[in-house]
There are 2 protein chains.
Amino acid sequence: MTMTNETMAAPEGRGEAGTGTLGKAIAVLEAVVTADGPQRFTDILARSGQPRGTLHRLLSHLVEEGLLIQRRDLSYEPGLRLLTLAYRSWSTNRFRDVAEPHLQRLHELTGETVHLGILRETEIVYVDKVESRQTVRMSSQIGKASPAYCTGIGKAALSLLGQPELEHLLARTEFHPFTSHTHRSAATLLAEVEEIRRDGHAFDREEHEAEIRCVAAPIAIPGSELAAGISVTGPAYRVSMEQLVAWATPVREAARAIAEEAAIRLGPGRSGP
Amino acid sequence: MTMTNETMAAPEGRGEAGTGTLGKAIAVLEAVVTADGPQRFTDILARSGQPRGTLHRLLSHLVEEGLLIQRRDLSYEPGLRLLTLAYRSWSTNRFRDVAEPHLQRLHELTGETVHLGILRETEIVYVDKVESRQTVRMSSQIGKASPAYCTGIGKAALSLLGQPELEHLLARTEFHPFTSHTHRSAATLLAEVEEIRRDGHAFDREEHEAEIRCVAAPIAIPGSELAAGISVTGPAYRVSMEQLVAWATPVREAARAIAEEAAIRLGPGRSGP
DNA sequence: ATAGTAGTTCCATTATTCGGAACTTGATTT
DNA sequence: AAATCAAGTTCCGAATAATGGAACTACTAT
């Protein structure tokens, strides 16, 4: 259903163009990075909808920049440059740095996994994590993007937006029914956001993954326009809704503490209010 | 010493141009991402050496693409798009996937930290890691780049290159004296690479960081031109050189096993040999 | 008021990109 | 062995987007 479109060879293979030349290049990069394995020229041609000549040039530029690697069988894979750039940007992120000890503390209190996430478009991106046990994949999850409308941090972050912004964003959201508890439309979600605004915290009642629950609280990142949030997540068999309700207060307090500390350490750009 | 250059406003502020338009954009992106904190327009102007008009357009394109974020005080920070792209490229990396259980096994055998790294230009990039204990920063290190000439994996990977390639690469390497054991020039390193080729393993004798040692073995990634390696690392007070020598065999064997399994699972692009 | 600094916009020029079509290269079929 | 097909690469005139010096605006400090 993602690309069963036919006949019309309109420039719609997938990724929406973007800002001129750079936009095209990044769209092609994303097409390769998003795919499962190495992609041959023809695969990318189909996924990106670019004309042959253009695509060929874009790919060779991306390879020259180290953003892609070309294998011996001519197929393309993500290059290492991306990983290095991301590492640098992650390790110098001051907001994450401010939040870290608070996440740690929440983890010690609850014994469950704690996340820090930031809203980007209709998704929330996980930026840090303190795990309950060394779960199989280390470091996994960081950089992962999940839909905002069905995750605790996502809904908490949405509650920070102004109503017009929020509605515009939900209009662009596709409501995929992950579980039987997942919101089916903007209507019910909008009602819940009202509650979240009032309570100062949000729950994920197995909306994204069955058997997984969380409590989250929003954080407005000082100095940016960004909406973020933190959450405590656990498996349903171990963490009851009552337990989550009890944890809501410490989660809210941690969020407030992070916002406060961030306001001081990275807050007012140069001038005051 | 990084930018005390004067008078001549030559296009040399820092990052070397790159491939046309995309190259410039990525160079600017890197300038921001590499910096410590948020960068104001003027800071980037100095670091990138681009003309004002050009830089301004480049930056706004990068912001539109989500690769940079502009704060309220107008300064620029790395955006979240980079993290998401890197996460996708990391989590679908088949070579890492093949190597992972072998790293785990090496960790169980030695009790020390195990790394997987890939050579990129004159640096090795850490792609996976199994830690001895939950060291402060989680997931840290992944995506980090260290000089090849003074790290175990780096030197192991170098030993896979042909002599002309190796020499060309070392010509571009700057030999920074991190510790008293760090190679000071290509000459001594070339001699050591000979040994590494013969032995099949490399040591880091506190060459990058004082009090840190490791044994490493090289892996040629099948299907790519890439040179990689794995290592076991530990603090000098706990891990003697004798201990490292004893671990050399299992490390070499793990490397061989990874190479073999990789050759089957991601090896011959489409045709045979 | 005045000078200075930081960021933004303008626009004629120029260099890049664009993309259809022709051209290799290598495998598969008749 | 010739013919067909598929995949990737190269070409080049036309179109477009990038270029960058200079003028402009908004603040701040003097």
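Heads up: the structure comes first, above all this text.
These numbers were taken from a predicted model, which means no experiment stands behind them. (Residues numbered from 1 in each chain as written. Chains lettered and ligands numbered in written order. Predicted model: local features only at pLDDT ≥ 70, side-chain atom pairs only at ≥ 80, totals over all residues. Heavy atoms only, no water.)

Draft legend 1. View of the overall build of chain A. The helix and strand tally for chain A stands at nine helices and eight strands. Considering chain A as a whole, with its 273 residues, one finds that 52% of them fall into the buried category. The contacts in chain A between residues at least 6 apart in sequence include a share of 57% that link residues at least 24 apart. Surface exposure of chain A reaches about 12,700 Å², of which carbon and sulfur atoms provide 52%. (Helix = DSSP H or I, 4+ residues; strand = E, 2+ residues; numbered from the N terminus. Buried < 20%, exposed > 50% of the residue type's maximum accessible area, 1.4 Å probe, protein only. Contact = heavy atoms within 4.5 Å. Areas by Shrake-Rupley, 256 points an atom, 1.4 Å probe, with all protein chains shown as cover.)

Draft legend 2. Representation of the packing of helix α7 (residues 163-171) of chain B against helix α8 (residues 186-199) of chain B within the structure. Residue and element names in this part refer to chain B. For the pair α7 and α8, interaxial distance at closest approach is 11 Å and the crossing angle is 145°. Judged by the twist between their axes, the crossing of α7 over α8 is right-handed. Counted together, Gln-163, Leu-166, Glu-167 and Leu-170 of α7 and Ala-186, Leu-189, Leu-190, Val-193, Glu-194 and Arg-197 of α8 form the full contact between these two elements. Broken down by class, the residue content of the contact of α7 with α8 amounts to six nonpolar, one polar and three charged. (Axes fitted to C-alpha atoms, helices over the stretch in contact; angles between N-to-C directions. Left-handed = near helix turned anticlockwise from the far one by under 90°. Nonpolar A, V, L, I, M, F, W, Y, C, P; charged D, E, K, R; others polar.)

Draft legend 3. Summary view of the side chain of Arg-47 of chain A. All names here are of chain A. With respect to the helices and strands, the residue Arg-47 is situated in helix α2 (residues 41-48). Although Arg-47 is buried, it makes no salt bridge; Asp-36 carries the closest opposite charge, 7.4 Å away. For Arg-47, the side chain forms a polar contact with the main-chain oxygen of Ala-31, separated by 2.7 Å. (Lys, Arg positive; Asp, Glu negative; His and termini not counted. Salt bridge = Lys/Arg side-chain N within 4 Å of Asp/Glu carboxyl O. Polar contact = N/O pair within 3.5 Å; in protein donor to acceptor, adjacent residues only side chain to side chain.)

Draft legend 4. Quick peek at the sheet that holds strand β4 (residues 123-130) of chain A. A sheet is described by the order of its strands in space; here six strands give the open sequence β5-β4-β3-β8-β7-β6 (chain A), paired in antiparallel fashion. Two strands bound the open sheet, and with one partner strand each, they are β5 (145-147) and β6 (202-205) of chain A. In this sheet, neighbouring strand axes are inclined to one another by 30° on average, regardless of whether the strands run parallel or antiparallel. The pairing of β4 of chain A with β5 of chain A spans three bridges and is antiparallel. From the neighbouring strand, Val-125 of chain A faces β5 of chain A, where its bridge partner is Ala-145 of chain A. Its contacts with the sheet put helix α5 (residues 94-110) of chain A on β3 (113-120), β4, β7 (212-220) and β8 (227-235) of chain A, and the angle it makes with β3 of chain A is roughly 145°. This element, helix α4 (residues 81-91) of chain B, spans β3, β4 and β5 of chain A of the sheet and lies at about 75° to β4 of chain A. (Pairing = 2+ DSSP bridges.)

Draft legend 5. Spotlight on the protein's contact with DNA strand D. Taken together, 14 residues lie around DNA strand D, and Thr-42, Arg-52 and His-56 of chain A together with Lys-24 and Arg-57 of chain B are the ones closest in. Near-protein atoms of DNA strand D (within 4 Å) split between backbone and bases, with sugar and phosphate holding 69%. Breaking the surface near DNA strand D down by element, the ones donating at least two residues are α2 and α3 (52-64) of chain A together with α3 (52-64) of chain B. It is α3 of chain B that contributes the most residues to the surface near DNA strand D, four residues altogether. (Near = heavy atom within 4 Å.)

Draft legend 6. Local environment of the packing of helix α1 (residues 20-34) of chain A against α2 of chain A. Residue and element names in this part refer to chain A. Two numbers describe how α1 lies on α2: the axes approach to 10 Å, and their chain directions differ by 115°. Crossing angle aside, the handedness with which α1 passes α2 is right-handed. When α1 is examined against α2, the residues Val-28, Ala-31, Val-32 and Thr-34 are found in contact with a partner set consisting of Ile-44, Arg-47 and Ser-48. Each residue belonging to the contact of α1 with α2 can be placed in one class, and the counts come to four nonpolar, two polar and one charged.

Draft legend 7. Summary view of the interface of chain A and chain B. The interface is formed by 74 residues belonging to chain A together with 71 residues belonging to chain B. For the pair chain A and chain B, the interface holds eight salt bridges. The closest approach of N and O atoms between Arg-72 of chain B and Glu-225 of chain A, which form a salt bridge, is 2.8 Å. Taken together, chain A and chain B are joined by ten residue pairs in polar contact (both at pLDDT 80 or more). For the side of chain A that touches chain B, the element with the most residues is helix α4 (residues 81-91) of chain A, which contributes eleven residues. When grouped by side-chain class, the residues that make up the side of chain A that touches chain B number 32 nonpolar, 20 polar and 22 charged.

Draft legend 8. Representation of the sheet that holds strand β4 (residues 123-130) of chain B within the structure. All names here are of chain B. Judged by pairing direction, the sheet is antiparallel, and its six strands sit side by side in the order β5-β4-β3-β8-β7-β6 without closing on themselves. Sheet topology places β5 (145-147) and β6 (202-205) at the edges, where each strand pairs with a single neighbour. Taken pair by pair, the neighbouring strands of this sheet meet at an average axis angle of 30°, ignoring direction. Pairing of strand β3 (residues 113-120) with β4, which is carried by seven bridges, proceeds in the antiparallel orientation. Within the sheet, the bridge partner assigned to His-115 lies in β4 and is Lys-129. This element, helix α9 (residues 241-266), spans β6, β7 (212-220) and β8 (227-235) of the sheet and lies at about 25° to β7.

By themselves these figures say nothing about function.
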